[in-house]
There are 2 protein chains.
Amino acid sequence: MAVLFFEVMKYDIKQPLHKSSDRFILSKGHAAPILYAAWAEAGLFPTKDLLNLRKIDSDLEGHPTPRLNFIDVGTGSLGQGLSIGCGMAYVGKYYDKASYRVYVLVGDGESAEGSIWEALNFASKYKLDNLCVIIDVNRLGQSEATSLDHNVDVYYNRLNAFGFNTYVVDGHDTVELSKAFHEAANTKDKPSALVAKTYKGKNFPGIEDEVNWHGKPLGDKAATVIPYLKSLLKNPGPTKVTVQPFKDDAPAVDLSKVHLSKPPSYKPDDKVATRLAYGNALIKLAKSSDRVIALDGDTKNSTYSEKIKMVNPKQYIECYIAEQNLVGVGMGAACRDRTIAFVSTFATFFTRAFDQIRMGAISQSNLNFVGSHCGVSIGEDGPSQMGLEDLALFRSIPGSTVFYPSDAVSCERAVELAANTKGICFVRTSRPNTSVLYPNDKTFHIGKANVVRQSSTDKALIIGAGVTLHEGLKAYDILKSKGYNVRVLDPFTIKPLDYKAIEENAAQCGGNVVVVEDHYPEGGIGEAVARCINHKNITIKYLAVREVPRSGPPDVLIEKYGIGAKAIVDAVLQFVDLS
Amino acid sequence: MAVLFFEVMKYDIKQPLHKSSDRFILSKGHAAPILYAAWAEAGLFPTKDLLNLRKIDSDLEGHPTPRLNFIDVGTGSLGQGLSIGCGMAYVGKYYDKASYRVYVLVGDGESAEGSIWEALNFASKYKLDNLCVIIDVNRLGQSEATSLDHNVDVYYNRLNAFGFNTYVVDGHDTVELSKAFHEAANTKDKPSALVAKTYKGKNFPGIEDEVNWHGKPLGDKAATVIPYLKSLLKNPGPTKVTVQPFKDDAPAVDLSKVHLSKPPSYKPDDKVATRLAYGNALIKLAKSSDRVIALDGDTKNSTYSEKIKMVNPKQYIECYIAEQNLVGVGMGAACRDRTIAFVSTFATFFTRAFDQIRMGAISQSNLNFVGSHCGVSIGEDGPSQMGLEDLALFRSIPGSTVFYPSDAVSCERAVELAANTKGICFVRTSRPNTSVLYPNDKTFHIGKANVVRQSSTDKALIIGAGVTLHEGLKAYDILKSKGYNVRVLDPFTIKPLDYKAIEENAAQCGGNVVVVEDHYPEGGIGEAVARCINHKNITIKYLAVREVPRSGPPDVLIEKYGIGAKAIVDAVLQFVDLS
C-alpha cells in the first residue's frame, strides 16, 4: 500500500475520482483500515479521523463503500474487485484511450472465488496492459490456512497460464515491489500480476503468521506491538509523502443526451418479441452516444444485444459464458459515469451474479440489466433456461427500478428510461412474439401503469405483464363473449409499482383482482401487488407458476401452469359467482 | 460418449442410479440428445423414443433433469456439473471408500465459468483421483467462437497449473481417448482431465466447424448428412454394445434415523445466538449418524459449523472461499441419499450461488442451507456482510422450506427438521445473543406458528422472527406499560407460512397486523404475510429495512432502520389511534 500510494499511483489528493486518475480497488474489502490509513497519510483527511472506524456517524465503515469520496465501488463480498477493475481498464484502453492505470489488490483467500478466474481470462483475452493485480499471499484465511498456503509458485503458474505477465515478490520488500510495478507498467499487450508473499501481522510479536487474528483488534497487545513496530522504523521522524501527478488525457464524457434516435415505428398488426424491441432500442440509443455500450455472455443472438454491433462493433463487449464477470465488467465500465452500460443474458442467469448485483446497489452503480427468456413461455428448452425468480431478485435490490414491458413500443421506452435512470435497472424481456399494444407516440413513465381495457361495468381487475398481459387480453375477449366486462392493467414497472392506479382500479372493479405472472409466486408481481393494497375491501387471486416446469410448447406450458387465458377466466368467474 | 458408455464406464443398465455404479454428469446439458442417445443405445429404452425429444409428454426434455431415471442432477445452467461431480467423488473416496469413478463432460464455452475453476481447485486440493473431467474443446460457443478457440495448449497449461493429471487428445479418436481414460484411472492422488479437441458437426458436410449451428436441427440437410455419415461407418451392421459391470463395494446407507442425540438443554435465562444453536444441533445430529456432514466456505468459526469437527473432523468439508463450488459439492454429496449435508456461510453469500440453488430444485436435491449473519443486526461489518435478501432468494425456490428460528431451542429443532425434510431447506440464523423463549421439550412443526404473547384484549398482532421477534417482545412490554395488550407471533417457518394461525390471530386482534423483519421488504416476511391474508378486514403495516444500511452498533441500526421496538410501538399506536 505504501509503494502503491506514495510511489506508483498517479492521482490528485484533491480529486480522488478524477477521470484521468489511476484507480485502486481493494478487492479484499475487509482490509479497509489500511486503505483508510493510506488516504489519510496521503492527506485526504486527518489521521485522527481513523479512530472513527466503524462508528455509526462515520463513513469509515467496516468495509469500503462509495459513501467515502475516494471509493469507486463497495467491496467486502470477496472476489468481485477484479472484474470491476477489468471494466475500468477496458474503458481506459479502448474508449478513453487514456494513460490511467488500474490496480486491484486481491486476497489469497478470495482468489479461490471463480469470479477471479473469469476476470483473469477476460483481462488477458482483451490484452488489458493497463491493469495490474496484486495477490496478497498472506497464507491465512478467516478460519484456517488457505488451500494453497504459501505456495507462491502455484499462484505464479496459474496466473501465467491465464495469460498474465507475472512476478513473484516479497510483499514486504518495497524495492522489489517498486521494480515489479515499474516493469508491469512497461509491459505491452498483457495484464500484469504481482504475487506478493506476505506474513499477516508481520513483525507483530506473537501474532505474525498466526491463525485466529483475522479481523481482531490488538487489544492489550497494542502496548507491546506498537512500540516494537516504532523501534523498527529507519526514519522515525515525520515523513512528508509525495503523490505522483497524473496526465489529464481522458476525455470529458456527457451522458445527459442519451435517447432513442428515432421513436418506435411498429405497425398495429406487428407481432414483435420484446427481446427484439430491446435490440432495436439499443441501436437507437447507441446512435445517440458512442458511450452507450452493451455487454453479453455469449447469448447476444438470443437477447438481441448483438444489434448494437450494427451501429459500431466497438460498442459491444463480449464477456463469454461468465456472468459474474459480465456484471462486474459492466459495473466497472459504468463507474464514474464513463459509459451507459447494458448487461444482458437470459433472465435466469442473472441468478449467477446476484451477489455482484447486490453489491452494485452498495456501490451506488448505475447499471442496466436486460434479461430475456423469462418464464415458461420460452417453451422446449425447459426449466434450467426459464427465468422464474428474476423479479424476486431484482425487486430485492435497494433503489432498483424493474421494468416489465408488454409490447415493443413500451419496451423501447423502458430501455430509454433505464439508460437515464440512476441505480440498478432491470428490463425483463420475453421470447415469444406478441402484439403491439401502444401507439408509437405513447409516452411512458416509471411507476405509471396503463389501463388497456376498461368499461364502467368491470367485474374484476386483471393485472399481467409480458405474455400474461396478452393472456389477460384473451381472457377479456372470452369474458366479454360471456357477457362480463373486466379491466386489464399493464403495470409497466413492477418497482416502483403504481399503487394509486392499482388501488383505484381495484376499487372500481368491485375489489376483485387477479394477478397473473410468468414467475414463481414468491417475490413476484402478486406479492408486490399484495403489499401495495390496503386490504380492507380488496381480494386478490394469484396466478403464478407453482412448481418446477418442464419442456413443451409455450402455449401448452402457459395453460398447464395456470397462467393462461383459461385460468384467468376461471379466476374471474369465481369472483362473479361469489357476488 | 461412445468410449465412455461402451468401454470405460462401469454400470448396470437396469440400475442406473446404483450406489456402486460409475457416475456421469453432462455439465454441458444442452448436448442432452447425445446423452439420451447413449442410454438408448445401451438399452435403457427403445431408440425410437428419442423422437419424443422436447415433447410435452416426454421426460426427454430440452436439458436433462432427474425426471429421467438415469439422471442424477439437472444441468443446463452452465459450469455447474463439475462441482457436483467433486461432491460425488469426495463421498466416493472418503466416505464410501468405493471403487466407482465420476466422469464429468464440460463444454469449452462453459469452462469460462468461474465455478469450473473453483471446482478444479477443490478437486486437486482433495486429491480426487476418482474424478475425471473431459473438456470438449469444439471451439464454438452459441453466438461466436469461444475466447480460447482451439488453443488446447492453453487448456492444458491451465488444468496442469490447477493440479490435474491432464491429457490433450483428439476427441474423435476412440483409441486415443480409451488410452487416456485408462491412464487416468490408474493415476493416484491427482484428478485427471482430458482436453478433447473436437469439431462441432464433425463429418457433417457444410456444417463441420461452422458457426450458427448451435442448437439447430439439421432440417433439409438431414437428407444429405445422414446418408453421408452412414457411408463412413466401418461396421454398418447392427452392433451389440457391451457395458462393463461394476464392483458393488459402496456401503448401504440409512439416513432415516438422523435426529438430535440429546434434546436442547438451555436455561430460561440463557442468551444464545441461533448461529451457536446451529453448531450445537450439528454436534447432536452428527452423533446420530456419520453420514451427517457440514460444508462451509472459510466462515466455520462464524457460522459455528466448525462444531461438527468436535464429533469427527471427517464429517466436515472445508470448501474455502468459493460459494458456488461449496453449494455444488454439497449437492453432489447429498445426491442419491449418500449423506445429509448442511452447507453454511453468511446468509448474504448464498446470493453468490443462487443459480446453483435454483438448479438444486430442478435437480430434486435434498440439501440444507444455513445462513448466519442475517440483517442489520450484525452491526459494524456493514452492508456487504448483511443478509437482507436471503429470504427472497430461498422463498423463490420451488418446494423449499424456509426456517427462521427465533431462539436456541427452536433453532436446534429447525436443524433437525431440515435434516429430515426433502427438497431445499434453509435455516436463517442470527449473530446476536438472544433470550431462550421455549422450554427444552417443546415440539416444533413445519408450517406451524407459535403465539408467544396473547390476551383476550389484544389490539394488534405483531409478527416477527429472529431479532425482530425479540424487538416485538420489547414492544409488548412497552405497550403493556401504556395499557395496551398486543399479541406476538413467531412464524417458525416462513415457507410454508402458517396461514391459518396468521388469519385467525389477525382477526382476533381487530385485523391490525404489524410485520417486522430484518430484511428488505421485497420477497420477505411482509409480502409472504400479505399474500396469505385474503379476507377483507385486515390491515398490515410493514416494517423492514428500506435502504442500503451502514456500519454501526446492532441496537442502533435496528432502531435506525425502523425495525426496533420503538418503531413497532409506533405502528401499533397508529392502529390504536385509528380505532
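Residues numbered from 1 in each chain as written. Chains lettered and ligands numbered in written order. Predicted model: local features only at pLDDT ≥ 70, side-chain atom pairs only at ≥ 80, totals over all residues. Heavy atoms only, no water.

By the naming in an unreviewed UniProt entry, chain A goes by transketolase and is assigned to Cimex lectularius. UniProt's Subunit (unreviewed entry) comment on chain A is quoted here verbatim: "Homodimer." Its UniProt record gives chain A a comment under Sequence similarities (unreviewed entry), which states: "Belongs to the transketolase family." (UniProt positions renumbered as here; feature names shortened; annotations may be inferred.)

Below, the discussion takes up the UniProt feature "domain: Transketolase-like pyrimidine-binding" (unreviewed entry) in chain A. Those residues carrying the UniProt feature "domain: Transketolase-like pyrimidine-binding" (unreviewed entry) are residues 272–436 of chain A in this numbering. In this annotation, residues 272–436 of chain A is assigned 35% helix and 19% strand; the end-to-end C-alpha distance for the span is 7 Å. (Helix = DSSP H or I, 4+ residues; strand = E, 2+ residues; numbered from the N terminus.)

Moving on, we come to the pattern of salt bridges. Taken as a whole and judged by the stated rule, the model has 64 salt bridges over all chains. Across the salt bridge formed by Arg531 of chain B and Glu522 of chain A, the nearest N and O atoms sit 3.7 Å from each other. Within this pair, whereas Arg531 of chain B is found in helix H16 (residues 525–532), its partner Glu522 of chain A is found in the loop between strand E18 (512–516) and helix H16 (525–532), the two belonging to separate chains. Each of the salt bridges in this network shares a partner with another, and the network as a whole consists of Arg395, Lys495 and Arg531 of chain A together with Glu522 and Glu527 of chain B. (Salt bridge = Lys/Arg side-chain N within 4 Å of Asp/Glu carboxyl O.)

The next subject is the relation of the copies chain B and chain A. The transform that puts chain B on chain A rotates by 180 degrees and translates by 0.0 Å along the axis, for an RMSD of 0.0 Å. Expressed as a symmetry operation, the mapping of one chain copy onto the other fits a two-fold axis. In this assembly the copies share their binding face: 98% of the residues contributing to the interface of chain B also contribute to that of chain A. (Least-squares fit on C-alpha atoms with pLDDT ≥ 70 in both. Contact = heavy atoms within 4.5 Å.)

The partner chain A presents 103 residues to the 103 residues of chain B that form the contact. With both sides pooled, the region where chain B packs onto chain A buries about 8,500 Å², and carbon together with sulfur makes up 48% of that total. Among the residues chain B hides against chain A, the three largest losses belong to Ile56, Arg352 and Arg531 of chain B. Together they make up 10% of the total. At the surface where chain B touches chain A, the tally comes to 18 salt bridges. Its salt-bridge partner being Arg54 of chain B, residue Asp381 of chain A comes within 3.1 Å of it at the nearest N-O pair. Between the two partners, chain B and chain A, sit 68 residue pairs in polar contact (both at pLDDT 80 or more). In terms of residue class, the side of chain B that touches chain A is built from 34 nonpolar, 37 polar and 32 charged. (Buried area = accessible area lost by both parts, 1.4 Å probe. Polar contact = N/O pair within 3.5 Å; in protein donor to acceptor, adjacent residues only side chain to side chain. Nonpolar A, V, L, I, M, F, W, Y, C, P; charged D, E, K, R; others polar.)

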